[in-house]
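In case you want the letters, here they are:
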Amino acid sequence: MASQVASPSASLHTTSSSTTLSTPALSPSSPSQLSPDDLELLAKLEEQNRLLETDSKSLRSVNGSRRNSGSSLVSSSSASSNLSHLEEDSWILWGRIVNEWEDVRKKKEKQVKELVRKGIPHHFRAIVWQLLCSAQSMPIKDQYSELLKMTSPCEKLIRRDIARTYPEHNFFKEKDSLGQEVLFNVMKAYSLVDREVGYCQGSAFIVGLLLMQMPEEEAFCVFVKLMQDYRLRELFKPSMAELGLCMYQFECMIQEHLPELFVHFQSQSFHTSMYASSWFLTIFLTTFPLPIATRIFDIFMSEGLEIVFRVGLALLQMNQAELMQLDMEGMLQHFQKVIPHQFDGVPDKLIQAAYQVKYNSKKMKKLEKEYTTIKTKEMEEQVEIKRLRTENRLLKQRIETLEKESASLADRLIQGQVTRAQEAEENYLIKRELATIKQQSDEASAKLEQAENTIRKLQHQQQWHKCSSNYNEDFVLQLEKELVQARLSEAESQCALKEMQDKVLDIEKRNNSLPDENNIARLQEELIAVKLREAEAIMSLKELRQQVKDLEEHWQRHLARTTGKWKDPPKKNAMNELQDELMTIRLREAETQAEIREIKQKMMEMETQV
C-alpha cells in the first residue's frame, strides 16, 4: 500500500542481515541436515573469503562486476569503506558467487537458496536478480529502444496508474520525474511485446522495485523473464486463471493447517481473494514496507511463488487468535493496518516463520490438477449453460414470435368479430330496406292495378267516344258555322259602335254651338222622338241584360259539365275549345250590344238636354 512504502533512504541503504560463514548460520534448519559435500563447500568458501580479504585485486574485480551489472539507479559511492567485518564477509562471499555463478548454480544450488533466504546485499541485488532469472543476456534488450518509439494502446492506462505506484518514494513521487518516466517506458515496452496481456494494474509495483535496483533496459529484461518463467504472465492475463488457481491452493492450505480459521472465514463470508489476491499479484510489495518486501522478493527470484504461499500461511498462523475474534470488516482492517507493520525491523522472524510452514510440492501439483478438473468441468458447465442460454434465448424469441402471432390472430379475431357485427348490422338495415321496398312494391302494385283499371275505363271511354265521333264531327261543324256568324255579328256591332261613337262626337260638337230660335220646335219634336227611342232602348237594354244573364248561366252549366273532361283525346279537346270560344264570342256580342244600347241611350239624353 502507498502508506506502507519505506522512505528512499531506508530502501537504498538497508542491507541484508549479516551472513556468517559458519555452517549453522546458513539455514534455519539444523546443521546436521547438511551433507558432507555442503560442509566441504562451505569450508572452501571460508578459505576463499580469507584469501579475498588479503587480495586487493579480487576486491577490485568484485567492484567491477557491480559496475558492469548497472546494479542501481541510486548507489552509494562510500558504502565499501563503511562496511563492517561481517558485511565485508558477505560482500566477498557474494562476489565469489557472482564471479563463479554458473558453477555455483549447478553444483551448490541449495546453498545459494540458503544464502538468498538470509538476504542479498543491496549492491548485489541487481546482478544477482538477473543471474537468478537468467536475464543478463537476453536478445530482447536490443529491441527496447525501438519499442519506445512505437505507440501502445495501453498508454492512457499506464499514465493513469503511474502516480499510484510508490507515491511516497522519492524516485517516483514527483510528477513527470525520471522514475515515473522510466516506469512508463518499461510498462509501455512490455505492453507492445506481449499484446495479449498488455498492461495489468499491479505489475507496475514489480517493475518499480526493479527500477530501484537497475537501469530500465535491464529492468525490462528481468520483468520479461519474470512474466515468462515465474507464472506472472498467467497471473496478469485478462482471465486471471492462474490467480484463481493460487487462491484455490492457498484456501486448501488454510483448510488443512488452520481448520478453525477456515471455518471462521466461511462463516463471515470472508473470501480468500479479499485479502490474498494482492499478495500474489505484487509479491507483498503493496503489503509490507520495502525492506521486508524486498527480502521476500529475493526469495521469490530464487524459488518462485512458493514463498508467497509460505509467507501468507505464516501470517495467518501468527494472527489466528486475533482474526478469530473479528468480523469481516474488522478482519479487513486488521489485514490493512496491523499485519503490514508487525515485522518492522525484524524481517528474519517472518522468513523463519514462513519456512516452518509445511509446504508439499506434490500436493500442490495435485491441487492444481484438481483445480484444472474443476475448471474444466465448470467450463463444460459454462458451455452447457451457454448452450442452454442460447436455446433459452431462441425459445424466448420463438415465444415472442408466437406471442406476436397470437396477438395478431387475436387482433384478426377481434377485427373479424367487429366485421361480423358490422355485417349483421348492415344485414339488418338491408332487411329493413328490403321490407320498405317490398311495401313500396306492394303499393306500386296496387297503384299499377288501379292504373290498369283507369286505363280500362279510359279505353271504354275511348270506345264510347269513337262511337259518338260522327255526332261530334257534325256538332263541330255546326259550332264552326255559329262561330263565323258570331264573328260577323261582332264585326257589325263594332261598326255600329264606331258609328254611334261618331254620332256622339257630332252631337257633342253641336251642343257646343248655341241653337237658334227657329230650331226649337224641331228640337222639341226630336226630343219627343228621342224619349220614345229612349224608352225602347231601355226595354232593349233590359232584354239584352237578361240574355247576358242567361248566357252566363248557360256558360257556368257548360263549365260544370265539361270540368272532368279535360283529359279527353285531342279531337275532343279541340271541339271543347271551339265551344268555349263560341260562348265567349256570344258573351262579348251581348256585352257589345248592351254597350251600343247604353251609348244610344246616352245620345238620346244628350239630344234631350239640347
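Residues numbered from 1 in each chain as written. Predicted model: local features only at pLDDT ≥ 70, side-chain atom pairs only at ≥ 80, totals over all residues. Heavy atoms only, no water.

**Student:** What am I meant to see in the overall build of the protein here?
**Tutor:** If you tally the helices and strands in the protein, you get 25 helices and 0 strands. For the protein, buried positions account for 41% of its 610 residues. Counting contacts in the protein only where the partners sit at least 6 residues apart, residues at least 24 apart contribute 80% of the total. Entry remark: accessible area of the protein is about 36000 Å², with carbon and sulfur atoms responsible for 52%. (Helix = DSSP H or I, 4+ residues; strand = E, 2+ residues; numbered from the N terminus. Buried < 20%, exposed > 50% of the residue type's maximum accessible area, 1.4 Å probe, protein only. Contact = heavy atoms within 4.5 Å. Areas by Shrake-Rupley, 256 points an atom, 1.4 Å probe, with all protein chains shown as cover.)

**Student:** Explain helix H12 (residues 216-229) here, please?
**Tutor:** Here H12 spans 20 Å end to end across 14 residues, near enough to the 20 Å set by a 1.5 Å rise per residue. Of all 14 residues in H12, 11 are buried; the element is thus mostly enclosed. Buried within H12 are the following residues: Glu-216, Glu-218, Ala-219, Phe-220, Cys-221, Val-222, Phe-223, Val-224, Lys-225, Leu-226 and Met-227. With its phi angle positive at about 70°, Arg-231 sits one or two positions after the end of H12. (Expected span 1.5 Å × (residues − 1).)

**Student:** Teacher, can you tell me more about the nonpolar core here?
**Tutor:** For soluble globular proteins, the rule of thumb is that nonpolar side chains tend to be buried together. If you look at the biggest cluster of nonpolar residues, it comprises 114 residues, and the most contacted ones within it are Phe-280 and Phe-288. With 6 residues, the next largest nonpolar core counts Leu-497, Met-500, Ile-507 and Met-603 among its residues. (Core = buried A, V, L, I, M, F, W, Y, C linked by side-chain atoms within 4.5 Å.)

**Student:** Honestly, the pattern of salt bridges in this entry has me stumped. Any pointers?
**Tutor:** Should their charged atoms come close, side chains of opposite charge can pair. Inspection of the entire model under this criterion finds 21 salt bridges. Residue Glu-196 pairs with Arg-233 through a salt bridge whose shortest N-O separation is 2.8 Å. Placement of the pair is Glu-196 in the loop between helix H10 (178-193) and helix H11 (203-213) and Arg-233 in helix H13 (residues 232-236), with a sequence separation of 37 residues. What makes Glu-196 partly exposed here is its relative accessible area of 47%. One network of salt bridges, in which partners are shared, links Asp-194, Glu-196, Arg-233, Glu-234 and Lys-237. (Salt bridge = Lys/Arg side-chain N within 4 Å of Asp/Glu carboxyl O.)

**Student:** Please explain the packing of H11 against helix H17 (residues 290-303) as it appears in this structure.
**Tutor:** A pair of packed helices is characterised by two quantities: the angle between their axes and the separation of those axes. For the pair H11 and H17, interaxial distance at closest approach is 12 Å and the crossing angle is 95°. Compared by their axis directions, H11 and H17 come out roughly perpendicular. Note on element contacts: H17 touches H11 through Leu-290, Thr-294 and Phe-297, opposite Ile-206, Leu-209, Leu-210 and Met-212. Counted by class, the contact of H11 with H17 contains 6 nonpolar, 1 polar and no charged residues. (Axes fitted to C-alpha atoms, helices over the stretch in contact; angles between N-to-C directions. Parallel < 35°, antiparallel > 145°, perpendicular 65-115°, else oblique. Nonpolar A, V, L, I, M, F, W, Y, C, P; charged D, E, K, R; others polar.)

**Student:** Any chance you could explain unusual backbone geometry here in plain terms?
**Tutor:** For residues besides glycine, phi is generally negative; the peptide bonds are generally trans as well. Look at Ser-269: it is not a glycine, yet its phi comes out positive at around 55°. Mapped onto the fold, Ser-269 is located in the loop between helix H15 (259-267) and helix H16 (273-282). Non-glycine residue Phe-284 carries a positive phi angle of around 65°. By secondary structure assignment, the location of Phe-284 is in the loop between H16 and H17.

Honestly, it's all geometry; don't read function into it.
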